[in-house]
Amino acid sequence: MSLRVVFMGTPEFSVPTLVEIIGQGHEVVAVYSQPPRPAGRGMAERKSPVHETAERFGIPVFTPKSLKGADEQEAFAALDADVAVVVAYGLILPQAILDAPREGCLNLHASLLPRWRGAAPIHRAIMAGDAETGVMVMRMEAGLDTGPVAMAEKIAIAPDITTGDLHDKLARLGADLMVRALAAASRGGLDAVPQAEEGVTYAAKIDKAETRIDWRKPAAEVHNHIRGLSPFPGAWCEMTFGDKVERVKVLRSTLATGSGAPGTVLDDQLTIACGAGAVRLVEVQRAGGKPLRAVDFLRGASVEAGALVG
């Protein structure tokens, strides 16, 4: 049985779930997304990926700055939805919104709750060196990612995978999980169990102040930091080219052998000494340039063994 669905989401991560819900024959009566915002070099207002996708399917899109007002809540209730599906929407849902759909609000979250509640679960899982993560569908309540969990899928975190890579895998896995949850809800069989009270961690939003690489840390921590922040906002260090010091983003790395003073270039393959062990830089990006494999980067930039990166 198809459901009347209100979809609430904003970034690229949300798009596969919206497309899959439509493809399964559910009636998406409206989409809620964050308002268009200035972006790009010209800072022209740009609609969110979810907004653009909804318009391609001819679905009405609403972009309120808040859902706290009575008018917005009445308009939401008037949609007469069976269920609201929420995937990285970006606004807090007041109780009146949570209560409006007959089946409530189902949220897709990219972690194994209660670990990594909050804004940046994919980044934080990799930065912490977690061996696995996943996606969960939970019934929303007023707390931050505290609702009971209805369905879950786990995935291993490969040693060199970046946040960008894992983001794409979890987006696809989550889309499949959500349509299975909707199928169960349409049959009246979507049960949920409370989250464990132990093991709660919070995935704080990434602050640019934490993006600089600290070579004094052990190699495993440096490597996790690099891949956890790739491709955005990007971990970085400073390199000297001639008499100029430039900020260089490091987008991919791998653990390597070697030792030396932290930040020392150990060979001609961009292996850098850490507080313990070393990492080899695999993909980097100079300011204003495009991402380059290390071998291509070194063709146009002299970074010799013995040099220090800041």
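Structure first, text after, so check above.
Let us look at the structure shown here.

Definitions and limits used
Residues numbered from 1 in each chain as written. Predicted model: local features only at pLDDT ≥ 70, side-chain atom pairs only at ≥ 80, totals over all residues. Heavy atoms only, no water. Helix = DSSP H or I, 4+ residues; strand = E, 2+ residues; numbered from the N terminus. Buried < 20%, exposed > 50% of the residue type's maximum accessible area, 1.4 Å probe, protein only. Areas by Shrake-Rupley, 256 points an atom, 1.4 Å probe, with all protein chains shown as cover. Lys, Arg positive; Asp, Glu negative; His and termini not counted. Charge placed at Lys NZ, Arg CZ, Asp CG, Glu CD. Contact = heavy atoms within 4.5 Å. Pairing = 2+ DSSP bridges.

As a further point, take the overall build of the protein. On a plain count of helices and strands, the protein comes out with eight helices and 16 strands. Principal-axis analysis of the C-alpha atoms places the extent of the protein at approximately 65 × 45 × 30 Å. The proportion of buried residues among the 310 residues of the protein is 46%. Summing over all exposed atoms, the protein offers an accessible surface of approximately 15,000 Å²; the carbon and sulfur share of this is 52%. When the 33 positive and 37 negative side-chain charges of the protein are each reduced to one mean point, those points stand 5 Å apart.

A few words now on unusual backbone geometry. The peptide bond linking Leu 113 to Pro 114 adopts the cis configuration, its omega dihedral lying at 15 degrees. Locating Pro 114 in the fold gives a position in the loop between β7 (105-109) and β8 (117-118). The omega angle of the peptide bond from Ser 230 to Pro 231 is 10 degrees, so this bond is cis rather than trans. Within the fold, Pro 231 resides in the loop between α7 (219-228) and β12 (235-241).

Positionally, His 26 belongs in the loop between α1 (15-23) and β2 (27-32). The residues contacting His 26, other than those within four sequence positions of it, are Met 1, Ser 2, Leu 3, Val 5, Ile 21 and Leu 182.

To continue, consider α7. The buried fraction of α7 amounts to eight of the ten residues, a majority that puts the element mostly inside the structure. Residues Ala 219, Val 222, His 223, Asn 224, His 225, Ile 226, Arg 227 and Gly 228 constitute the buried set of α7. Where the residues of α7 are buried, they touch α5 (121-127), α6 (163-186), β12, β13 (244-256) and β15 (278-286).

Attention now goes to the sheet that holds strand β1 (residues 4-9). Here seven strands make up an open sheet; going across it, the order is β5-β2-β1-β6-β7-β9-β10 and the pairing mixed. Looking at the sheet topology across the chains shown, the edges are occupied by β5 (61-62) and β10 (149-156). In the sheet, β7 pairs with strand β9 (residues 132-139) via four bridges, with the strands oriented antiparallel. What sits directly across from His 109, in β9, is Met 136.

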